[in-house]
Amino acid sequence: MCAVSSIDQFLSNNKNWVREVLKTEQHYFENLAKGQQPIALLLGCSDSRVSPSKVLGAGLGELFIHRNIANVVAHSDLNFLSVFQYAIHVLKIRNVIIYGHYGCGGIQAALGKQSNGLIDNWLANVQDVIKCNANELSQIKTEEEKVNRLVELNVMAQMENLRQTSVFRQALEEGIEINLHGWVFDMSTGQVLNLKKENIDVFNLPAE
Ligand code: CO
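Residues numbered from 1 in each chain as written. Predicted model: local features only at pLDDT ≥ 70, side-chain atom pairs only at ≥ 80, totals over all residues. Heavy atoms only, no water.

Draft legend 1. Region of interest: the domain arrangement of the protein chain. Taken as a whole, the protein chain is organised into domain 1 (1-34) and domain 2 (36-194). The centre of domain 1, based on its C-alpha atoms, is set 29 Å off from the matching centre of domain 2. (Domains from an automatic or database assignment.)

Quick look at the structure:
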């Protein structure tokens, strides 16, 4: 399954890629270096299988991406908050995608009882989502279904967390309209689900 067996192969892959790109577009990199105008900010999971640009067919410069374990918006996380603020105020991005994925190891760990060390502190953000939906989750029979439902609930909860950030609130006050999107990647089919569009029943969210 893994086509790359050594780190050096990445570097030789890169040389081949540059050659291929220049064959079709001579000035591609010169143009790329001029600046970026991405159309969306995407918050995804760090999982190596979810590569959003590849899955969504986004070229370089089209998606502003931040990734962490279980695509969490934590109000104490200056790293993501800075990315968000930069995206809205400097890059003038008006679309934000929370991009979860089924079979998420972080979500699975949050549901499990065993201790995983430092990461448990980060996953405490997901524990809040579990607590809020304990009733529904307790009625799901299989572990896999439970994980996948929590993946969906977590995406919607993180959208809500995003709405509560100072960056989002300030943008609202300034009359800036930010469109939030909750998407889930299903790596078993390759498809990305739009939670809202698929009408998946989630939290009673306030109207956007
Ligand atoms: Co994950």
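Draft legend 2. Summary view of the sheet that holds strand 4 (residues 179-186). Here we have five strands laid out as an open sheet, ordered 2-1-3-4-5, and mixed in their pairing. Pairing within the sheet leaves two strands with one partner each, and these edge strands are strand 2 (63-68) and strand 5 (191-194). Between one strand axis and the next, the sheet turns by 25° as a mean value, whatever way the strands run. Pairing geometry for strand 3 (residues 95-101) and strand 4, over seven bridges, is parallel. For Ile97, the partnering residue across the bridge sits in strand 4 and is His181. (Pairing = 2+ DSSP bridges. Helix = DSSP H or I, 4+ residues; strand = E, 2+ residues; numbered from the N terminus. Axes fitted to C-alpha atoms, helices over the stretch in contact; angles between N-to-C directions.)

Draft legend 3. Quick look at the coordination of the cobalt ion. Donor atoms from the polypeptide that bind the cobalt ion are Cys45 (SG), His101 (NE2) and Cys104 (SG), placed at 2.1 to 2.3 Å. All donors of the cobalt ion come from a single chain, and their spacing in sequence reads C-x55-H-x2-C. Of this pair, Cys45 sits in strand 1 (residues 40-45) while Cys104 sits in the loop between strand 3 and helix 5 (105-111), and the two are 59 residues apart along the sequence. Accessibility assignment for this pair places Cys45 and Cys104 in one class, buried. (Donors = N, O, S within 2.8 Å, 3.2 Å for Na, K, Ca; no water. Buried < 20%, exposed > 50% of the residue type's maximum accessible area, 1.4 Å probe, protein only.)

Draft legend 4. Structural view of a nonpolar patch on the surface. Judged by side-chain polarity, Trp17, Leu32 and Leu60 come together as a nonpolar surface patch covering roughly 260 Å² of accessible area. Inspection of the secondary structure puts Trp17 in helix 1 (residues 7-24). (Patch = residues over 30% accessible without salt bridge, like charges linked within 9 Å, V, L, I, M, F, W, Y side chains within 5 Å. Areas by Shrake-Rupley, 256 points an atom, 1.4 Å probe, with all protein chains shown as cover. Salt bridge = Lys/Arg side-chain N within 4 Å of Asp/Glu carboxyl O.)

Draft legend 5. Quick peek at the packing of helix 4 (residues 78-90) against helix 9 (residues 166-173). Look at helix 4 against helix 9: their axes get within 9 Å of each other, and the N-to-C directions meet at 20°. Looking at the two axes, helix 4 sits roughly parallel to helix 9. The two elements helix 4 and helix 9 meet at a crossing, and its hand is right-handed. Each of Leu81, Phe84, Gln85 and Ile88 in helix 4 lies in contact with helix 9, whose residues at this interface are Val167, Phe168 and Ala171. (Parallel < 35°, antiparallel > 145°, perpendicular 65-115°, else oblique. Left-handed = near helix turned anticlockwise from the far one by under 90°. Contact = heavy atoms within 4.5 Å.)

Draft legend 6. Expanded view of the side chain of Thr165. Its place among the elements puts Thr165 in the loop between helix 8 (143-163) and helix 9. Residue classification places Thr165 among the buried positions, given a relative accessible area of 3%. Within the structure, the side chain of Thr165 is placed 2.7 Å from the backbone oxygen of Leu162, a separation counted as a polar contact. When neighbours within four sequence positions are excluded, Thr165 is seen to be in contact with Val73, His75, Leu81 and Phe84. (Polar contact = N/O pair within 3.5 Å; in protein donor to acceptor, adjacent residues only side chain to side chain.)

Draft legend 7. Representation of the pairing of strand 5 in the model. Strand direction decides the pairing type here: strand 4 and strand 5, joined by four bridges, are antiparallel. Within the sheet, the bridge partner assigned to Asp186 lies in strand 5 and is Gln191.

Draft legend 8. Region of the structure containing the packing of aromatic side chains. The tally for this structure, following the rule as stated, stands at five aromatic pairs. Taking the centre distance of 5.1 Å and the plane angle of 90° together, the rings of Tyr28 and Phe29 count as edge-to-face. Its relative accessible area of 24% is what places Phe29 among the partly exposed residues. Ring centres of Phe80 and Phe84 lie 5.9 Å apart, and the angle between their planes is 10°; this geometry places the pair in the stacked category. Taken together, the positions of Phe80 and Phe84, both in helix 4 and four residues apart, correspond to about one turn of that helix. Phe80 sits in the buried class, given a relative accessible area of 0%. Taken together, the ring pairs connect Trp17, Tyr28 and Phe29 into an aromatic cluster. (Phe/Tyr/Trp six-rings, centres within 6.5 Å; stacked < 30°, edge-to-face > 60°.)

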